[in-house]
Amino acid sequence: MPLSLEEVRRIAELARIGIGDAEARAVQIQLNDIFELIGQMQRVNTDGIEPMAHAQDMKLRLREDVQTERDQREQFLSVAPEKEQGLYLVPKVIE
Amino acid sequence: MLNASLKELSAALAQGKISSVELTKLFLDRIQKMGALNAFITVDAEKSLAQAGAADERIAKGDAKPLTGIPVAHKDIFVAKDWLTTCGSKILSNFVGPYDAHVIERFNAAGAVLLGKTNMDEFAMGSSSENSFYGPVRNPWSRDCVPGGSSGGSAAVIAARMAPAATGTDTGGSIRQPAALSGVSGLKPTYGLVSRYGMIAFASSLDQGGPIAKSAEDLALLLNVMVGFDARDSTSIERPAEDYTLDLDKPLSGLRIGVPKEHFGEGLSGDVGKAVEAALAQFEKLGAKRVSISLPSSGLSVPAYYVIAPAEASSNLSRFDGVRYGYRASGYRDLADMYRKTRAEGFGAEVRRRILIGTYVLSHGYYDAYYLKAQKIRRLIAQDFVEAFKQCDLVIGPTSPTVAFRIGAKAADPVKMYLNDIYTTPANLAGLPAMSIPCGFGNGKLPVGLHITGNYFAEARMLNAAHQYQKATDWHARRPAGIEP
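Quantities reported herein were computed from a predicted structural model and do not represent experimental measurements.

**Student:** Would you mind going over the overall build of chain A with me for this structure?
**Tutor:** A count of helices and strands for chain A gives three helices and two strands. Secondary structure elements of chain A, listed N to C terminal, follow the sequence α-α-α-β-β. In terms of C-alpha radius of gyration, chain A reaches 22 Å, well past the compact-globule figure of 12 Å for 95 residues. Once the C-alpha set of chain A is aligned to its principal axes, its extents read approximately 55 × 45 × 25 Å. By the burial criterion, 14% of the 95 residues in chain A qualify as buried.

**Student:** I'm lost on the interface of chain A and chain B in this one. Help?
**Tutor:** You'll often see interface size given as the accessible area lost when the parts meet. Listed as interface residues are 40 residues of chain A and, on the opposing side, 53 residues of chain B. Of all the elements in the fold, those that place two or more residues in the side of chain A that touches chain B are α1 (5–14), α2 (21–38) and α3 (73–77) of chain A. Taken together, the residues of the side of chain A that touches chain B sort by class into 28 nonpolar, nine polar and three charged.

**Student:** So what exactly am I meant to see when it comes to the packing of α2 of chain A against helix α11 (residues 349–361) of chain B here?
**Tutor:** Where α2 of chain A contacts α11 of chain B, the axes come no closer than 11 Å and their chain directions differ by 60°. Comparing the axis directions of α2 of chain A and α11 of chain B gives the class oblique. Handedness of the α2 of chain A/α11 of chain B crossing: right-handed. Residue-level contacts link V27, Q30, L31 and I34 of chain A of α2 of chain A to R353, L356 and I357 of chain B of α11 of chain B. A per-class count over the contact of α2 of chain A with α11 of chain B returns five nonpolar, one polar and one charged.

**Student:** Is there a simple way to think about unusual backbone geometry in this case?
**Tutor:** Backbone phi values are negative for most residues with the exception of glycine, while trans is the configuration of most peptide bonds. A cis amide bond links G149 of chain B to the next residue, S150 of chain B, at an omega of 10°. Along the chain, S150 of chain B falls in the loop between β3 (113–118) and α5 (152–159). Positive phi is not limited to glycine here, since Q85 of chain A has a value of about 45°. Relative to the assigned elements, Q85 of chain A resides in the loop between β1 (83–84) and β2 (87–88). The exposure class of Q85 of chain A is exposed, given the 5 C-beta atoms found within 10 Å.

**Student:** Help me understand the environment of R319 of chain B in this model?
**Tutor:** For R319 of chain B, the position within the fold is in the loop between α9 (301–316) and α10 (335–346). Counting along the chain gives 51 residues from R319 of chain B to Y370 of chain B, while the straight-line C-alpha distance between them is 24 Å.

**Student:** Would you mind going over the pairing of strand β4 (residues 165–170) of chain B with me for this structure?
**Tutor:** Note on strand geometry: in a regular strand, side chains alternate between the two faces of the sheet. Residues and elements named next belong to chain B. Most of β4 sits out of view: six of its six residues are buried. Taking every second residue as pointing to the same face, both faces of β4 are buried, with A165, T167 and T169 on one and A166, G168 and D170 on the other. For strand β2 (residues 71–75) and β4, the ladder comprises two bridges, and the chain directions are parallel. Across the sheet, residue A73 finds its bridge partner in β4, namely A166. Of the strand pairs in this sheet, β4 and strand β6 (residues 208–213) are connected by five bridges, and their pairing is antiparallel. For D170, the partnering residue across the bridge sits in β6 and is Q208.

**Student:** Just to check I follow, could you spell out the confidence of the model for chain A for this structure?
**Tutor:** Interpretation of this model should avoid reading the predicted coordinates in detail wherever pLDDT is low. Scored by pLDDT, chain A has a mean of 91; 99% of the residues are at 70 or more. Per-element mean pLDDT across chain A ranges from 90 in α3 of chain A up to 97 in α1 of chain A.

**Student:** Looking at this model, I keep getting lost on the nonpolar core. Mind explaining?
**Tutor:** Nonpolar side chains tend to gather and get buried jointly when the protein is soluble and globular. Counting residues in each nonpolar core, the largest one holds 169 residues, and the members touching the most others are V72, A163 and V307 of chain B. Leaving out residues up to four positions away in the same chain, V307 of chain B has contacts with I38 of chain A together with V361, Y370, Y371 and A374 of chain B.

**Student:** How should the sheet that holds β4 of chain B be read in this particular structure?
**Tutor:** Within a sheet, neighbouring strands are paired by backbone hydrogen bonds and run either parallel or antiparallel to one another. Residues and elements named next belong to chain B. Within the open sheet, the eleven strands sit side by side as β1-β3-β2-β4-β6-β5-β10-β11-β9-β7-β8. Their pairing is mixed. Only two strands of the sheet have a single partner each, and these edge strands are β1 (40–42) and β8 (289–293). Across this sheet, the average inter-strand angle for adjacent strands is 30°, counted without regard to direction. Pairing between β1 and β3: two bridges, direction antiparallel. The residue of β3 that forms the bridge with F40 is T118. Here helix α7 (residues 216–226) sits on the sheet and contacts β4, β5 (185–188), β6 and β10 (434–441); the angle it forms with β6, its principal contact strand, is near 145°. Where helix α15 (residues 459–472) meets the sheet, it contacts β5, β9 (394–398), β10 and β11 (447–454), and its direction lies at approximately 145° from that of β11.

Calculation rules
- Residues numbered from 1 in each chain as written.
- Chains lettered and ligands numbered in written order.
- Predicted model: local features only at pLDDT ≥ 70, side-chain atom pairs only at ≥ 80, totals over all residues.
- Helix = DSSP H or I, 4+ residues; strand = E, 2+ residues; numbered from the N terminus.
- Rg over C-alpha atoms; globule rule 2.2 N^0.38 Å.
- Buried ≥ 20, exposed ≤ 12 C-beta atoms within 10 Å, placed from the backbone.
- Contact = placed C-beta atoms within 7 Å.
- Nonpolar A, V, L, I, M, F, W, Y, C, P; charged D, E, K, R; others polar.
- Axes fitted to C-alpha atoms, helices over the stretch in contact; angles between N-to-C directions.
- Parallel < 35°, antiparallel > 145°, perpendicular 65-115°, else oblique.
- Left-handed = near helix turned anticlockwise from the far one by under 90°.
- Pairing = 2+ DSSP bridges.
- pLDDT = per-residue confidence, 0-100.
- Core = buried A, V, L, I, M, F, W, Y, C linked by C-beta atoms within 7 Å.

Below, the structure is given as structure tokens:
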């Protein structure tokens, strides 16, 4: 089932990526080509196969509940586009 | 010196035949001369030479390790403190690393010199190194051709002798395919051996860092530095340190090489098939036994990969929102508008495309049909290898279906581009180690890569086979025309 232009716009909105009309149409064609390739998966019967979520079936480690990171606030803030008094600045959210 | 192996360079440094500062200057000059290849995003002579000076002091004190004083070029996906780290993207074009990636820490501790940050497909998404905000990398063997991708900068750097060693990352073939197309050696370790800390994430269940160099012997030395447990990477594997050089000289008699029939069928270019067949014959001469095997699900690796990788990417790349780091668009109405504009302007076309695919396959109502289905196929692909390794020690075939293609040839057709990854994606999906080494030349006198997959943690065995092959042949020592020592 090919993606409609409306669906392309909806996905772009979910991904928070602005998309113009001309680009949406070009992307629609490319995405449909890609989904045709991906669709090859549907030919295979995978009933009863356990999904493989990771490259190795490993258990995640547990660690002591103690502080492991040192304070690097200044360093990390130094690369922010806009900051003030140790805070990230964004456009006003609540009027 | 430009063609010397790491062992030779290490000896020259130890014997005082050359200093690290001199060696670093030599390669910095070389980088400048080869500038037209566009293989580097950032070079900072002052920083590199300061590190080289410190290495020389360390050597003088008798405190040198095998890589002390040796310049290493790093893919611009590894965060390095005080170095611009762009990941080939406009959205990180102003990002100066506030800390070191684990891989960078390991090379620093070894006394290696950071020679510069190499060009790459944006966020490692691509098979040609054309998708960079900093422009395409050119293949040293033919400047109209791509070097492969996404670690194309690092592969071109080795091919053109701009550095003795380099790093890359491999999510679906991004170390091995550029190694093949650029005529150099590259290895993707078993998933979990090299820490992902500070390696900018693309698809976390597949991403793995690894070395790119001129020979298997050099790869072994680099792997000794790169591999190591790191608690900051939740999937880092804790196991005793291994010396990957120990088995290099073992004879290959009795080695069982599995040749998967699926990797020699439709889609494989004749010139590549011929070079790979000749390499298999060479392995038989060295005492290896050829076994016919089947990887029945491997044909589905590209479709499964192009669901799983974009899905994980869409989640990982949600962090680039113009708030905490990187580029922020100007002229927005509100917060949502800032996100939309920042991400539309900051990401290139291929990255946007993959985020859209990933968003779709994870969206309500489609998860089972795509993401879950792909994960089930991933299991089938991994099981194929479990069966195969009952019959053989290594799986060998082509790395890429063709030699390097012309810049622009596949840029407009994503599906055509994705099919480059047909032989490399299975190892990522299964989490297995795999490497590519040069095995001859095909159409246009361009290099052909031989793909070697091993069982989990079989890096030493793969390197042993590759080293023995490289002792019997000289494909890895060939240099592009115009690349004088």
